[in-house]
Amino acid sequence: MVNSVINEVVIGMATKINKIYNKKYPIHTDSEEQGLDKPCFFIKYLNGDENREIGLQDRFYKDKLNFVIIGYTQDGDTEILNDMIDNLYELEYIELTDRTLLRAQKLHPKTEDGVLHFFIDYEIFIKKDDATTIKMDNYDLTGEVKKDENI
């Protein structure tokens, strides 16, 4: 499995966008800077949630990861934004660097003020390594049953 789940998903998304657009648009993943060369995409991790899966050993978790892809056009052209929306639906399936195929649970586009906000939720199962525990040396326990005075 992968080391950093969030970074792996971002790389998978960026790789898929580059494949869709033949590396036509730059993709930014760091903090958004002023003066971006438009058109471009910006991938941002929003939040996530991790839950232990019931019925599985304690090492198995399900991570829910929420991302937004912000798409900029040269002048906020609605036709180009709509084309971006259609193409970004291909992010339903992405491939991680270890060849794991990941499917999006929810895809939700929204355009506002000439900028595309494409929200994507992924769920991935994680197997965490065993935590090393210190075993206790020998332990002896002795005891006796207390007599009830009322009998």
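Residues numbered from 1 in each chain as written. Predicted model: local features only at pLDDT ≥ 70, side-chain atom pairs only at ≥ 80, totals over all residues. Heavy atoms only, no water.

A. Representation of the pattern of salt bridges. According to the stated counting rule, one finds four salt bridges in the structure shown. As a salt-bridge pair, Arg103 and Glu92 come within 2.9 Å of each other at their nearest N and O atoms. Pair noted here: Arg103 is in strand 5 (residues 101-112) and Glu92 is in the loop between helix 2 (78-88) and strand 4 (93-95), with a separation of 11 residues, a long-range link. Residue classification places Arg103 among the partly exposed residues on the basis of a relative accessible area of 45%. (Salt bridge = Lys/Arg side-chain N within 4 Å of Asp/Glu carboxyl O. Helix = DSSP H or I, 4+ residues; strand = E, 2+ residues; numbered from the N terminus. Buried < 20%, exposed > 50% of the residue type's maximum accessible area, 1.4 Å probe, protein only.)

B. Here's a closer look at the side chain of Thr73. Inspection of the secondary structure puts Thr73 in the loop between strand 3 (60-72) and helix 2. A polar atom in the side chain of Thr73 sits 3.2 Å from the backbone nitrogen of Asp77. What Thr73 contacts, discounting residues up to four positions off in sequence, is Lys38, Pro39, Ile80, Leu81, Met84 and Gly114. (Polar contact = N/O pair within 3.5 Å; in protein donor to acceptor, adjacent residues only side chain to side chain. Contact = heavy atoms within 4.5 Å.)

C. Highlighting the packing of helix 1 (residues 5-21) against helix 2. Relative to each other, helix 1 and helix 2 sit at 120 degrees, their axes nearing to 11 Å. Regarding the angle of helix 1 to helix 2, the classification is oblique. Of the two possible hands of crossing, helix 1 and helix 2 adopt the one that is right-handed. In contact with Ile17, Ile20 and Tyr21 of helix 1, helix 2 contributes Asp83, Met84, Asn87 and Leu88. Here the contact of helix 1 with helix 2 is composed, by residue class, of five nonpolar, one polar and one charged. (Axes fitted to C-alpha atoms, helices over the stretch in contact; angles between N-to-C directions. Parallel < 35°, antiparallel > 145°, perpendicular 65-115°, else oblique. Left-handed = near helix turned anticlockwise from the far one by under 90°. Nonpolar A, V, L, I, M, F, W, Y, C, P; charged D, E, K, R; others polar.)

D. The arrangement of the nonpolar core in detail. Residues Val9, Met13, Ile69 and Tyr122 are the most contacted members of the largest nonpolar core, which totals 30 residues. Residue assignment for this core shows that the elements contributing at least two residues are helix 1, strand 2 (40-52), strand 3, helix 2, strand 5 and strand 6 (115-127). Per element, the largest residue contribution to this core is eight residues, and it comes from helix 1. The contacts of Ile69, once residues within four sequence positions are left out, are Met13, Ile17, Phe41, Phe42, Ile43, Leu88, Leu91, Leu116, His117, Phe118 and Ile120. Judged by nonpolar contacts, the second largest core, of seven residues, contains Cys40, Phe42, Val68 and Val115. (Core = buried A, V, L, I, M, F, W, Y, C linked by side-chain atoms within 4.5 Å.)

E. The arrangement of the packing of aromatic side chains in detail. Inspection of the entire model under this criterion finds six aromatic pairs. Pairwise contacts between aromatic rings join Tyr21, Tyr25 and Phe41 into one cluster. (Phe/Tyr/Trp six-rings, centres within 6.5 Å; stacked < 30°, edge-to-face > 60°.)

F. Local environment of a negative patch on the surface. A contiguous patch of negative charge, built from Asp75, Asp77, Glu79, Asp83 and Asp86, is present on the exposed surface. In this fold, Asp75 is placed in the loop between strand 3 and helix 2. (Patch = residues over 30% accessible without salt bridge, like charges linked within 9 Å, V, L, I, M, F, W, Y side chains within 5 Å. Areas by Shrake-Rupley, 256 points an atom, 1.4 Å probe, with all protein chains shown as cover. Lys, Arg positive; Asp, Glu negative; His and termini not counted. Charge placed at Lys NZ, Arg CZ, Asp CG, Glu CD.)

G. Representation of the pairing of strand 3 within the structure. Along strand 3, 10 of the 13 residues are buried, which leaves the element largely enclosed by surrounding structure. Examined bridge by bridge, strand 3 and strand 6 share 13 bridges and lie antiparallel to one another. Pairing of Gly71 across the sheet is with Leu116, part of strand 6. (Pairing = 2+ DSSP bridges.)

Any functional reading would require information beyond the geometric quantities listed.
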